[in-house]
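What the coordinates show
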Amino acid sequence: MVALLMSDQPKTRKPSRQQVYTLLVQIGRKAGDGLPDGATGAALIIYASGVDEAEAVRETVAILKQADTAPLDVTGYGTLPEREAQGHEIAAEERALMQRALDENAVIVAQMTPFFDEETGPH
């Protein structure tokens, strides 16, 4: 017979060191990337959790590669408090997505803007 022993002491949980970072990721084209026909790439606004920005970037790039996209460049805009200190206005919807990224230890694509070549006139 197996017995489970439980302590009467409540388990103290270490405070999470995870924070959410706002990232702007530029992606190029790759077969199966899901971008619209004619797009040359896209910009993604992403909320990603990590113990530091470097970890958030690494996790984001890894996940985007698994999703058959071609990440080219990542620009970090910092955490919510850092963005507020810079004077960024952050809508309630953004805050909710940031909280979800933290709660779920996730990478969330909040916005995708495809890039298209400018059409040039006849030569």
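I will try to describe carefully the structure that is included in this document. What you see is a predicted model; the values in this text were computed from it and never measured.

A few words now on the sheet that holds strand β2 (residues 39-50). Strands sit in the order β3-β1-β2-β4 across an open sheet of 4 strands; the sheet is antiparallel. The open sheet terminates on both sides in strands that have one partner only, identified here as β3 (70-79) and β4 (107-116). Between one strand axis and the next, the sheet turns by 20° as a mean value, whatever way the strands run. In this sheet, β4 lies alongside β2 in antiparallel orientation, the contact comprising 9 bridges. Opposite Ala 39, over in β4, you have Phe 116 as the bridge partner. Contacting β1 (19-28), β2 and β4, helix α3 (residues 92-103) runs over the sheet at an angle of about 65° to β2.

Within the structure shown, the criterion is met by 4 salt bridges. Between Arg 100 and Glu 104 there is a salt bridge whose closest N-O contact spans 3.2 Å. Judged by relative accessible area, which is 44%, Arg 100 ranks as partly exposed. Overall, Glu 104 belongs to the partly exposed group, its relative accessible area being 49%.

Calculation criteria
Residues numbered from 1 in each chain as written. Predicted model: local features only at pLDDT ≥ 70, side-chain atom pairs only at ≥ 80, totals over all residues. Heavy atoms only, no water. Pairing = 2+ DSSP bridges. Helix = DSSP H or I, 4+ residues; strand = E, 2+ residues; numbered from the N terminus. Axes fitted to C-alpha atoms, helices over the stretch in contact; angles between N-to-C directions. Contact = heavy atoms within 4.5 Å. Salt bridge = Lys/Arg side-chain N within 4 Å of Asp/Glu carboxyl O. Buried < 20%, exposed > 50% of the residue type's maximum accessible area, 1.4 Å probe, protein only.

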